[in-house]
Amino acid sequence: METKFGKGCHLHLIDGSAFIFRAYHALPPLTRKSDGLPVGAVSGFVNMLQRYVDGNNGADAATHVAVIFDKGSHTFRNDMYDLYKANREAMPEDLRPQIPLTRVATKAFNIACEEMEGFEADDIIATLAHQARDAGGRVTIVSSDKDLMQLVGDGVEMLDPMKNKRIDSDGVVEKFGVGPNRVVDVQALAGDSVDNVPGAPGIGIKTAALLINEYGDLESLLDRAGEIKQPKRRETLIEHRAQIELSKKLVQLDCDMTLDFGLDDLEVRDPDPEVLLGFLGEMEFRTVTKRIAEKLGVEAPVIEAPAPVATDLATPAQVGFDANAYECVRDAAALQVWINRIRERGYVAVDTETTGLNEMIADLVGISLCVEAGQACYIPLTHKSASSDDLFGSDDLAECQMDFAECLAMLKPVLEDPAVLKIGQNMKYDAKIFARLDITVAPIDDTMLMSYAMNAGLHNHGMDTLSERYLGHTPIPIKPLLGSGKSAITFDRVPVDDAVKYAAEDADITLRLWQQFKPQLHVNHVTTVYETMERPLVPVLAQMERNGIKVDRDTLSRMSNAFAQKMAGLEAEIQEMAGRPFNVGSPKQLGEILFDEMGLEMPDGKKPSTGKTGAYSTGADVLEDLATLHDMPRRILDWRQLSKLKSTYTDALQEHINKETGRVHTSYSIAGANTGRLASTDPNLQNIPVRSEEGRRIREAFVAEPGKVIVSLDYSQIELRILAHVAGIDALKQAFLDGIDIHAMTASEMFDVPLDEMTPDVRRQAKAINFGVIYGISGFGLARNLRIPRSEAQGFIDRYFERFPGIRNYMDDTIAFAKEHSYVQTLFGRKINTPEINAKGPQAGFAKRAAINAPIQGTAADVIRRAMIRMPAAIAGLPAKMLLQVHDELIFEVNEEAADDLITAAREVMENASDPAVKLDVKLAVDAGQGANWAEAH
DNA sequence: ACGCTCACG
DNA sequence: GACGTACGTGAGCGTA
């Protein structure tokens, strides 16, 4: 039969499998409303096809087009090499049933749809491309698969559909360092980990291109391999010749297949509206059906079922942000309309505006609500009126604001309604504001915590970051509204018109983020993490923060005075020794005094080290070394300790005592630390001194009310216990079971010293090693920590791994997992992303150690989170309050007579916190103490 | 704003 | 073979 395809014709070949996988991963797991059939990938596939069709016009438009699919997983390449594509992940269960539907979709668009048993889509594409080229036509391969680059040239180009970037011969050279005709040679050498093509070990694309360019082609290279100068390279090529030749066969596409159709069968045809819309209707794709119907100029068929929540989530509205579209709610009637909409929906995004960042002090200024992307309102409540003649503004309320009490009375039932989900970004803040107004917000979702569950380690989870990353929208900055420095104003002085735009947008953003994140939790397998370890912590922490802890101002004040006196004495001595006055608190000046003016030298003979700024380093370790030569460094160390205690603790803590409660209220960041730990800020109550005697006395200022006591319960060696479990170290497990001193046991094993002959120093070294292991030990790090030669430290580590080989296996396995997945996991499924794990350079070292540490630190963090979440119910009957968390410790305040009962109840919860999700091989032990203050309780 | 130093687990 | 190194945080100060 005569072929009409020829000069002037333009064939587009679409890589169907690439479309499918892209669609699958880009979209949430949508299901068809009527029967739950998974259709997310089909929906994405249809959208991509539609976008392709829309873009296919103008001079460059295709005259012929086909979508090419893979058929089956076994191809002739598997017969050559049974490991071909062997490390591909299995197809996800919910994608499998969608595969045939993508064929139906293609045909519904009236586009040719081709596949062939035993061949990959790439082979069909290769064959068609050659046929079309030989017939004098042009070809565009719509794919970004680098395996197809060998086909480029002579009128054949590729088009990356996502980047909308054309790739011609030059593009191929850019990617592979050689022209299209030599791409297979480079691939044969470099191999491909994705397809499991072995290639030559140790040779990547760069080296491969270099070799091919030098020797012309692969065959010449292999024949003349003996001439290669680099011995390693030469041997590799000679030794792995057969493997390289096999690799070439694997990557070489078959461009000479016998096809049961011709180019003329691929002519572009208009779709039959009835068929296409029929298919889309069957899939229940409402939005795209409507759009395509409009395009085709026919009426859209009616698709049953109203818009339920799931469908809203499925197709996040593609509405732009319009700050002018937000409503300002000024009276009860307007608010009632919003409340009706909220009740109809069953969910609402909420945001509060207040006079400050400290939610224990800040007052509510206004509330924003959003029920649908782009549809948000702001309810100003206590904005002050602007008055032009008064620089400080008036204290009169601005006009046309809803009555504060009336508004709260109307919203309270909604905010507390179990049937209405309240969505927020960092809900703990808003919940605390509302709690002070006697409104208990529940149930909630929190977009910050959703992001944290999915993306810990990738970026922070503030609204600005999330909006920019996931919505492509930069929120209105608050700075211009409030100003900065001395002239800064509070939000109640922001003009209402400006406030509406800013505040309502926050609720709008939050709702859109929620629409995007909610279905993604499942995809990322972190729904359980979010629902059991993130979200439920919000009310628990909110309550703890509101409880606060009583801090005795007089105690702190007396200590501050004592510190000041001692510091003054030390300062005089120091300056006397220096020979001139200088700022003892300035590391820069101190360095110059020590090393330049006094001429001290490091005892190890090395040059004094410097920081990034070039100033001498004067850290405690340096001064400790110098203290062997001179009396001044010791004085500096003492002065620094006092200075730290005074400025960071005894002075600063007084400023944090709340005027109304007389207590200090910290704030915990739930999504701050990548590992799952909490972080305490404003003030940080997780780093109150304890290690030094002088510092520990600061804890005496943290007191119980009269008639009450402070109770402290802390997990004993929780991280080492978790290590024993995850690494499966029997000796460690047994030691914990027997209640043996774990560091002494380690020392005994490593240094062959019987337990009863253990010296404190040997034990100290073993302890350092135990902790080093948790941190991703290195000879250098241990050497520095123990102040021993590096070789000796390395010897200890070698001995440790020899004695506990399971630890090394755990480390190796963890790093291998991180390298493959770019994340690690805790025992409870928390994910910690490790994006730098495959980087080169020093970042990789950091990433490795972080990856080793994260599952251990993170599992411990998960355990105490679980305990905290269960704690309120467990102590509900007791006159006790949970006040603080310090990573492995919980602090309570309880009526004196109930202290023992509290310890019993809280210990029970803490020791069993991993149940039933994880069965630990090692029992968790909890130590408890009580007293009039934190120092006594610890 | 950033680096240094140091407090905690 | 060299490189840089203990893990995770927050706050206050000096310096730019």
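Everything discussed here concerns the structure shown above.
Residues numbered from 1 in each chain as written. Chains lettered and ligands numbered in written order. Predicted model: local features only at pLDDT ≥ 70, side-chain atom pairs only at ≥ 80, totals over all residues. Heavy atoms only, no water.

Asks: What should I look at first to understand the environment of Asp170 in this one?
Replies: Within the secondary structure, Asp170 is located in helix α6 (residues 169-176). It is 9.0 Å that separates the C-alpha atoms of Asp170 and Pro180, two residues lying ten residues apart in sequence. (Helix = DSSP H or I, 4+ residues; strand = E, 2+ residues; numbered from the N terminus.)

Asks: Sorry if this is basic, but what is going on with the layout of surface pockets here?
Replies: Unfilled space is identified by rolling a water-sized probe across the atoms. Size it by volume and the second largest pocket reaches roughly 1,800 Å³. Secondary structure elements with two or more residues in the lining of the second largest pocket: α27 (632-655), β18 (708-715), α29 (718-727), α32 (760-774), α33 (779-786) and α36 (842-874). Considering every element that reaches the lining of the second largest pocket, the biggest residue donor is α27, with seven residues. A per-class count over the lining of the second largest pocket returns 19 nonpolar, 15 polar and 14 charged. (1 Å grid on protein atoms, 1.4 Å probe; cavity = no way out; pocket = protein on both sides within 12 Å on 5 of 7 lines; lining within 4 Å. Points joined across faces, edges and corners; volume = space filled by probe spheres on them. Nonpolar A, V, L, I, M, F, W, Y, C, P; charged D, E, K, R; others polar.)

Asks: Even after reading the chapter, I still don't get helix α4 (residues 99-108), so can you show me in this structure?
Replies: Since the α-helix advances by 3.6 residues per turn, residues separated by three or four positions end up pointing in the same direction. The element α4 is largely enclosed, with a buried count of seven among its ten residues. Contacts from the buried residues of α4 go to α1 (16-26), α2 (40-55), β2 (64-68), β3 (112-114) and α12 (273-283). Looking one or two residues past α4, Asn110 carries a phi angle of roughly 60 degrees, positive in sign. (Buried < 20%, exposed > 50% of the residue type's maximum accessible area, 1.4 Å probe, protein only. Contact = heavy atoms within 4.5 Å.)

Asks: What's the story with the protein's contact with DNA strand C in this structure? I'm lost.
Replies: Taken together, the neighbourhood of DNA strand C is formed by 33 residues, with Ser586, Asp682, Asn684, Arg784 and Arg849 sitting nearest. If you look at DNA strand C and keep only atoms within 4 Å of the protein, 62% of those are sugar or phosphate atoms. Here Arg677 contributes a side-chain N or O atom positioned 3.4 Å from a base nitrogen of DNA strand C. Contacts to DNA strand C include Asn684, whose side-chain N or O atom sits 2.9 Å from a sugar or linking oxygen. Of all the elements in the fold, those that place two or more residues in the surface near DNA strand C are α25 (587-597), α27, β16 (679-681), α32, α33 and α36. For the surface near DNA strand C, the leading source of residues is α36, giving five residues. Class assignment of the residues belonging to the surface near DNA strand C gives a composition of ten nonpolar, 16 polar and seven charged. (Near = heavy atom within 4 Å. Polar contact = N/O pair within 3.5 Å; in protein donor to acceptor, adjacent residues only side chain to side chain.)

Asks: In this structure, what is going on with the sheet that holds strand β17 (residues 702-703)? I would like to understand it.
Replies: Whether parallel or antiparallel, the strands of a sheet pair through hydrogen bonds between backbone atoms. Strand order in the open sheet made by the three strands is β14-β13-β17, with antiparallel pairing throughout. Strand pairing shows two members of the sheet lacking a second neighbour, β14 (663-664) and β17, which therefore form its edges. (Pairing = 2+ DSSP bridges.)

Asks: Where do I start with the pattern of salt bridges in this structure?
Replies: Overall, the coordinates contain 54 salt bridges when judged by the stated rule. A salt bridge links Asp363 to Arg436; its shortest N-O distance comes to 3.5 Å. Of this pair, Asp363 sits in the loop between β8 (347-354) and β9 (364-372) while Arg436 sits in helix α17 (residues 427-436), and the two are 73 residues apart along the sequence. Overall, the relative accessible area of 45% leaves Asp363 in the partly exposed class. It is possible to trace a salt-bridge network through shared partners that takes in Asp60, Arg138, Glu157 and Arg166. (Salt bridge = Lys/Arg side-chain N within 4 Å of Asp/Glu carboxyl O.)

Asks: Just checking my understanding: could you explain the nonpolar core for this structure?
Replies: Nonpolar side chains tend toward joint burial in soluble globular proteins. Ile367, Leu369 and Ile379 are the most contacted members of the largest nonpolar core, which has 185 residues in total. Per element, the largest residue contribution to this core is 13 residues, and it comes from helix α21 (residues 496-523). Residues within four places of Ile379 in sequence aside, it is in contact with Val329, Leu335, Val365, Gly366, Ile367, Leu369, Met402, Cys407 and Leu411. Of all hydrophobic cores here, the second largest spans 51 residues; its members include Ala66, Ile124, Leu128 and Ala129. (Core = buried A, V, L, I, M, F, W, Y, C linked by side-chain atoms within 4.5 Å.)

Asks: Got a minute to help me understand the sheet that holds β8 in this structure?
Replies: The strand order across the open sheet built from six strands is β7-β10-β9-β8-β11-β12, with neighbouring strands paired in mixed fashion. Each edge of the open sheet is held by one strand with a lone partner, namely β7 (327-328) and β12 (444-446). With three bridges connecting them, β8 and strand β11 (residues 421-424) associate as parallel partners. Residue Tyr347 lies in a different strand from β11, and its bridge partner there is Leu421. Its contacts with the sheet put helix α16 (residues 404-416) on β8, β9, β10 (375-380) and β11, and the angle it makes with β9 is roughly 45 degrees. The strands touched by helix α18 (residues 447-455) within the sheet are β11 and β12, with β12 carrying the most contacts at an inclination of about 55 degrees. (Axes fitted to C-alpha atoms, helices over the stretch in contact; angles between N-to-C directions.)

Asks: Is there a simple way to think about the state of the cysteines in this case?
Replies: What we call a disulfide is simply a covalent bond connecting the sulfur atoms of a pair of cysteines. Tallied over the entire structure, the rule returns zero disulfides. For the unlinked cysteine Cys400, the closest cysteine sulfur is that of Cys328, found at 8.7 Å. Here Cys407 stays free of any disulfide, with the sulfur of Cys377 as its closest cysteine sulfur at 9.2 Å. (Disulfide = S-S within 2.5 Å.)

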